[in-house]
Amino acid sequence: MVRAKSVLSEARQIEIASELIRLDARLQVLEAEVQLSRERLLRLYREIRGKSPPKGMLPFSTDWFMTWQPNVHASLFMNIHRHQVGLDDATAVEALIRAYRLYREQIGQLGLPEVLSITRAWRLTRFFDAGMLGMTACTCCGGQFVTHTFELAHQYVCGLCHMPSRAGKTRRPANAEVAKAAPR
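Points about helix H5 (residues 92-110)
In step 1: Helix length check: H5 (19 residues) gives 27 Å between terminal C-alpha atoms against 27 Å at 1.5 Å per residue, within 8%.
In step 2: Those residues of H5 not exposed but buried are Val93, Glu94, Ala95, Leu96, Ile97, Ala99, Tyr100, Tyr103 and Ile107.
In step 3: Those residues of H5 hidden inside the fold are in contact with helix H1 (7-22), helix H2 (27-33), helix H4 (68-85) and helix H6 (118-129).
In step 4: Just beyond H5, the residue with positive phi is Gly111, at close to 75°.

Below is the structure:
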């Protein structure tokens, strides 16, 4: 016997999928978080974004979150996400969406580029659920930062308190300075 679908439940699923698409989530994230068919998700994606969803594998390594700048952004996001999860009876995907919006808002107010995409944020929460990553307090500032679960964190110092010497010296800022200096 086929169970009748609830129209309200389906409308809520479409609303969640639409929010994730507007935040630039990959199709694999949508498939994992809502119970809509792949064909409906593809149609919804094309309708909202005006193009087909990008193809390819999702990020799968925890090491990306350990590098300096992504670690700072991932830690900010996870602190917001932990707060959102504990607030009310929001589902996991609703907490993810709210936390990601707050993360973008904070980054936007600081005038910094977004390092963490919604897909990476989703993957980060999955790594936490799987026990592969955890939070460790910095011994200097006391802030909570993303670390590997079994990392020796006895005297952990975060990337903000002990900034690497080449921090912020990527090609993008160098290219921006060259473009400013070039005669027009």
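From this point, the narrative continues.
Observations regarding the packing of aromatic side chains
In step 1: Counting across every chain of the model gives five aromatic pairs.
In step 2: Between Phe65 and Phe127 the ring centres are 6.0 Å apart and the planes differ by 80°, which places this aromatic pair in the edge-to-face class. Within this pair, whereas Phe65 is found in the loop between helix H3 (38-49) and H4, its partner Phe127 is found in helix H6, the two being separated by 62 residues in sequence.
In step 3: Ring plane angle 40° and centroid distance 5.7 Å describe the contact between Tyr100 and Tyr103, whose orientation is recorded as tilted. Here the residue Tyr100 and the residue Tyr103 both occupy positions in helix H5, the gap between them amounting to three residues, near one helical turn.
In step 4: For Tyr100, a relative accessible area of 2% translates into the label buried.
In step 5: When its relative accessible area of 0% is taken as the criterion, Tyr103 is described as buried.
In step 6: Taken together through their ring pairs, the aromatic side chains of Trp64, Phe65 and Phe127 make up a single cluster.
In step 7: For the cation-ring pair, Arg120 lies above Trp64, with the distance from its terminal atom to the ring centre recorded as 3.9 Å.

A look at the environment of Ser117
In step 1: Mapped onto the fold, Ser117 is located in the loop between H5 and H6.
In step 2: Taking the C-alpha atoms as reference, Ser117 lies 8.3 Å from Leu23; in sequence the two are 94 residues apart.

Some thoughts on H1
In step 1: Compared with an ideal rise of 1.5 Å per residue, which puts 16 residues at 22 Å, H1 spans 22 Å between its outermost C-alpha atoms and is within 8% of the ideal.
In step 2: Of all the residues in H1, the buried ones are Gln13, Ile16, Ala17, Ser18, Glu19, Leu20 and Ile21.
In step 3: For H1, the elements touching its buried residues are H2, H3, H5 and H6.
In step 4: Looking at where H1 begins, the residue whose side-chain oxygen comes 3.4 Å from the main-chain nitrogen of Leu8 is Ser6.
In step 5: Of the residues trailing H1, Asp24 is marked for its positive phi of about 75°.

How each quantity is defined
- Residues numbered from 1 in each chain as written.
- Predicted model: local features only at pLDDT ≥ 70, side-chain atom pairs only at ≥ 80, totals over all residues.
- Heavy atoms only, no water.
- Helix = DSSP H or I, 4+ residues; strand = E, 2+ residues; numbered from the N terminus.
- Expected span 1.5 Å × (residues − 1).
- Buried < 20%, exposed > 50% of the residue type's maximum accessible area, 1.4 Å probe, protein only.
- Contact = heavy atoms within 4.5 Å.
- Phe/Tyr/Trp six-rings, centres within 6.5 Å; stacked < 30°, edge-to-face > 60°.
- Lys NZ or Arg CZ within 6 Å of the ring centre and 35° of its normal.
- Polar contact = N/O pair within 3.5 Å; in protein donor to acceptor, adjacent residues only side chain to side chain.

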